[in-house]
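Coordinates in review
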Amino acid sequence: MIEVQIPAGKKAYFASDFHLGFPNNAESLAREKYIIAWLSQVQKDASDVFLLGDLFDFWFEYSQVVPKGFVRFLGKLAEMNDAGIRIHIFVGNHDLWMRTYLKEEIGAIIYDQPTEFSFDIHEKSVKALLGHGDGLGPGDYGYKFLKQIFINPISIFLFKILHPDLGVRLAHLWSNTRKSDTISAGDVPFDSDSDFILNYVRGQMQLDIKSNNHKKAYIFGHRHHPIAFPLGEGSTYFNLGDWFSPNFKNAFYLVLADEEFTFKHSSTFYSGTFCF
């Protein structure tokens, strides 16, 4: 359990699945600017920002090279960290190979597993479980098998042998062949019986109740379904959606203020039409 102190008048923010780099430079840049505009608003009262994975459509840290681009986004995160805002980043299935670069360059705190947090606000504690969500719960065995290959040290070593120009191109090709299904997934009505993250959350919640470790929120990304699903016992499952669906329709975020979680669409920060 990681304790996070939120000072009076400050808030914690949560977002996920930016997929910067998809599907092309022009659309990715427009999305990047939209995200930065949101972060600029968040910066006014945030103590902590939690980004729950798949920030990039592909990320790989070679010994001396990282994928080009995203300088505005990374610069904004560095600026926020320099201003005293803690930046927490969870590894997603598209950025599995995130290592130490973002920690060293922008001061981010990196997590590669679902993690329990206790948010201390006004001398009270609000507990939550956070993670990206890939590979959790029953089913999805094809991905679970692939993930073991992707994170295998031998596989990583062999991929590093490829010139970055070739490696990054192959990774984007692989991602793009699967992304149409991913976009469609965000349009399918949420099914509480088949959602594997929710099934995982329900099991975890029962364990938490038995161990007197009640959590107010279970917060994940990955599924591209923005949802605030009541679990009973004063708990809620949040899935944060994504920021690459057409017209940002699934671009939601979560805010923790005064011991309460509030689920909002990103458009609430903008009046009128956002201009790139």
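Below is a summary of the structure that appears in this document. Quantities reported herein were computed from a predicted structural model and do not represent experimental measurements.

Details of the overall build of the protein
The helix and strand tally for the protein stands at seven helices and twelve strands. In terms of C-alpha radius of gyration, the protein reaches 18 Å, essentially the compact-globule figure of 19 Å for 276 residues. Dimensions of the protein along its principal axes, counting C-alpha atoms only, are 50 × 40 × 35 Å. Looking at the protein as a whole, 50% of its 276 residues are labelled buried. A fraction of 68% describes how many contacts in the protein between residues 6 or more apart in sequence connect residues 24 or more apart. A total accessible area of about 13,100 Å² is found for the protein, and carbon and sulfur atoms account for 54% of it. Side chains of the protein give 26 positive and 32 negative charges; the mean places of these two sets differ by 2 Å.

Details of the pattern of salt bridges
Here the structure, examined in full by the defined rule, presents seven salt bridges. Put simply, K11 and D45 hold a salt bridge, and the shortest N to O gap is 3.3 Å. A residue pair is termed long-range when its members are at least 10 positions apart, and K11 in strand β2 (residues 11–15) and D45 in the loop between α1 (25–42) and β3 (46–51) qualify at 34 residues. Between E116 and K215 there is a salt bridge; the shortest N-O distance is 2.7 Å. With E116 in strand β6 (residues 115–121) and K215 in the loop between α7 (196–210) and β8 (217–220), this pair connects stretches of sequence that are 99 residues apart. We classify E116 as partly exposed; its relative accessible area is 24%. Each of E116, D208 and K215 takes part in salt bridges that share partners, so that together they form one network.

Focus on the pairing of strand β12 (residues 260–265)
The pairing of strand β11 (residues 252–257) with β12 spans six bridges and is antiparallel. In the strand pairing of β12, Y253 is matched with K264.

Describing the side chain of S118
Examined against the element boundaries, S118 turns out to sit in strand β6. Given the relative accessible area of 6%, S118 is considered buried. Looking at S118, its side chain comes within polar contact range of the side chain of S125, at 2.6 Å. Setting aside its immediate chain neighbours within four residues, S118 contacts M1, I2, E3, V4, S125, V126 and K127.

Here's the deal with the side chain of S245
With respect to the element layout, S245 can be found in the loop between β10 (235–240) and β11. Polar contacts involving the side chain of S245 include one to the side chain of N250, which spans 3.1 Å.

Some words on a nonpolar patch on the surface
A grouping of I154, F157, L158 and I161 is seen on the molecular surface, where their side chains present a nonpolar patch of about 450 Å² in accessible area. Mapped onto the elements of the fold, I161 is located in helix α5 (residues 153–161). Residue I161 is classed as exposed on the basis of its relative accessible area, which comes to 56%.

Digging into the packing of aromatic side chains
Under the criterion given, the structure shown has 29 aromatic pairs. Aromatic pair W38 and W243: ring centres 5.2 Å apart, planes at 55 degrees, arrangement tilted. Here W38 is found in helix α1, whereas its partner W243 is found in the loop between β10 and β11, with 205 residues between them in sequence. Overall, W243 belongs to the buried group, its relative accessible area being 0%. When the centroid spacing of 5.8 Å and the interplanar angle of 55 degrees are considered together, the rings of F58 and W97 count as tilted. With a gap of 39 residues between them, F58 in the loop between β3 and α2 (71–82) and W97 in the loop between β4 (86–90) and α3 (101–106) connect regions that are remote in the sequence. Accessibility expressed as a relative area gives 5% for F58, which makes it buried.

Procedures and definitions
- Residues numbered from 1 in each chain as written.
- Predicted model: local features only at pLDDT ≥ 70, side-chain atom pairs only at ≥ 80, totals over all residues.
- Heavy atoms only, no water.
- Helix = DSSP H or I, 4+ residues; strand = E, 2+ residues; numbered from the N terminus.
- Rg over C-alpha atoms; globule rule 2.2 N^0.38 Å.
- Buried < 20%, exposed > 50% of the residue type's maximum accessible area, 1.4 Å probe, protein only.
- Contact = heavy atoms within 4.5 Å.
- Areas by Shrake-Rupley, 256 points an atom, 1.4 Å probe, with all protein chains shown as cover.
- Lys, Arg positive; Asp, Glu negative; His and termini not counted.
- Charge placed at Lys NZ, Arg CZ, Asp CG, Glu CD.
- Salt bridge = Lys/Arg side-chain N within 4 Å of Asp/Glu carboxyl O.
- Pairing = 2+ DSSP bridges.
- Polar contact = N/O pair within 3.5 Å; in protein donor to acceptor, adjacent residues only side chain to side chain.
- Patch = residues over 30% accessible without salt bridge, like charges linked within 9 Å, V, L, I, M, F, W, Y side chains within 5 Å.
- Phe/Tyr/Trp six-rings, centres within 6.5 Å; stacked < 30°, edge-to-face > 60°.

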